[in-house]
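# Coordinate analysis (summary)
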Amino acid sequence: MHKSYKILIADDEEDILEFLSYNLRKEGHIPFIATNGHEALKIALRERPDLIVLDIMMPGIDGIETCQLMRDHSELQNTIIVFLSAKNEDYTQIAGFGAGADDFIPKPVRPRLFITKINALLRRSGRENAASGTFRTSELFIDRDRFLLQVHGRTIDLPKKEFELISLLTSKPGKVFTREEILNLVWGRDIVVGGRTVDVHIRKLREKLGIERIKTIKGIGYKFAD
């Protein structure tokens, strides 16, 4: 029997909360429910769930804003966050990934797909990053084992996926990683996300690091310039 995880679901539709909670309990997980973003944030800080499922369209503060608020708390920066969304437009997913989401699950939710994705994300989060040890340049210091990143001596807090991404790029400075390689190594082969996910995370990394080391190789991918 696999490990039991704490999972928070936030949605303003009671039938969806009951339906997803039922399927999570059947899988052996421990569900918590919230009907809005404020309640979800409060429960997340209290219970420290392993994974959070947020509906995008919620009254008050929507899922994207809720995700941003969660990522502002150090206790939740590395928690897996998944969006439920009936919208499939690119801009919705870009906004979601930009806010710090790890994945999307489309509505209407199919129980088998939902459980498969949740379990895949939980498995992925439990694996150790392939890169370990430290990395240093005149501007940047990374301690992968301590999940520590500093730019010019200043500590920068990064969400887990952004930290894994910079760890990967700096594991082989000068090597060009294709988008497909990055997706496989950071998100895993069992997670279905698009190539634009990588672009969004690269943009966020560049903004936060403020150094010109991550280079775009047009039509191929990215590298950390040595």
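Check the entry above for the structure.
Given the structure is predicted, the values throughout are model-derived calculations rather than measurements.

Turning to unusual backbone geometry, a few remarks are in order. When glycine is set aside, most residues are seen to have a negative phi, and most peptide bonds are trans. Across the junction of K107 and P108, the peptide omega takes the value -5 degrees, indicating a cis bond. Structurally, P108 can be placed in the loop between β5 (103–106) and α5 (111–126). Unlike most non-glycine residues, F147 shows phi in positive territory, near 55 degrees. Within the fold, F147 resides in the loop between β7 (140–143) and β8 (148–151). Assessed through its relative accessible area of 33%, F147 is described here as partly exposed. The backbone of H152 shows a phi angle near 50 degrees, a positive value even though the residue is not glycine. Note that H152 resides in the loop between β8 and β9 (154–155).

With that settled, the discussion passes to the packing of aromatic side chains. Using the criterion set out here, one finds 4 aromatic pairs in the structure. Ring geometry for F83 against F104: centres 5.4 Å apart, planes inclined by 50 degrees, an arrangement best described as tilted. Residue F83 is found in strand β4 (residues 80–85), and its partner F104 is found in strand β5; the two are separated by 21 residues along the sequence. Side by side, F83 and F104 carry an identical accessibility label, which is buried. Summarising the aromatic geometry, the rings of F147 and F163 are spaced 4.1 Å apart at their centres and angled 25 degrees between planes, so their arrangement reads as stacked. Here F147 is found in the loop between β7 and β8, whereas its partner F163 is found in helix α6 (residues 160–171), with 16 residues between them in sequence.

Side chains carrying opposite charge are able to pair once their charged atoms draw close together. All told, the structure shown has 14 salt bridges when counted by the stated rule. Of the charged contacts, one joins K6 and E47 as a salt bridge, the two residues approaching to 3.5 Å between their closest N and O atoms. Within this pair, whereas K6 is found in strand β1 (residues 6–10), its partner E47 is found in helix α2 (residues 37–47), the two being separated by 41 residues in sequence. You can call K6 partly exposed: its relative accessible area is 25%. Between R179 and D199 there is a salt bridge, with its nearest N and O atoms 3.0 Å apart. Taken together, the residues span a long stretch of sequence, with R179 in helix α7 (residues 179–187) and D199 in helix α8 (residues 195–209) at a distance of 20 residues.

This part covers the side chain of D102. When you line up the elements, D102 lands in the loop between α4 (90–99) and β5. Using a relative accessible area of 7% as the deciding quantity, one classes D102 as buried. Within polar-contact distance, the side chain of D102 engages the side chain of R71 at 3.2 Å.

Moving on, we come to the nonpolar core. In terms of nonpolar packing, the biggest core is built from 25 residues, with L140, L149, I166, L169, I182, L209 and I214 touching the most fellow members. When contributions to this core are tallied by element, the ones reaching two or more residues are β7, β8, α6, α7, α8 and β12 (221–224). Apart from the residues lying within four places of it in its own chain, the contact partners of I166 are I142, L149, L158, L205, L209, I214 and F224. One finds A40, A44, M58 and L76 within the second-largest nonpolar core, a separate group that totals 23 residues.

Below, the discussion takes up the environment of L185. Secondary-structure assignment places L185 in helix α7. Residues L185 and E164, 21 residues apart in the sequence, show an inter-C-alpha distance of 9.0 Å.

Attention shifts here to the sheet that holds β8. Within the open sheet, the 4 strands sit side by side as β6-β7-β8-β9. Their pairing is antiparallel. With one partner strand each, in any of the chains shown, β6 (134–136) and β9 form the two edges of the open sheet. Relative to β7, β6 is paired through 3 bridges, and the arrangement is antiparallel. Each residue of the ladder has a partner; that of F135, found in β7, is I142. Sheet strands touched by α6: β6, β7 and β8. Its angle to β7, the strand with the most contacts, is close to 110 degrees.

Conventions and cut-offs
- Residues numbered from 1 in each chain as written.
- Predicted model: local features only at pLDDT ≥ 70, side-chain atom pairs only at ≥ 80, totals over all residues.
- Heavy atoms only, no water.
- Helix = DSSP H or I, 4+ residues; strand = E, 2+ residues; numbered from the N terminus.
- Buried < 20%, exposed > 50% of the residue type's maximum accessible area, 1.4 Å probe, protein only.
- Phe/Tyr/Trp six-rings, centres within 6.5 Å; stacked < 30°, edge-to-face > 60°.
- Salt bridge = Lys/Arg side-chain N within 4 Å of Asp/Glu carboxyl O.
- Polar contact = N/O pair within 3.5 Å; in protein donor to acceptor, adjacent residues only side chain to side chain.
- Core = buried A, V, L, I, M, F, W, Y, C linked by side-chain atoms within 4.5 Å.
- Contact = heavy atoms within 4.5 Å.
- Pairing = 2+ DSSP bridges.
- Axes fitted to C-alpha atoms, helices over the stretch in contact; angles between N-to-C directions.

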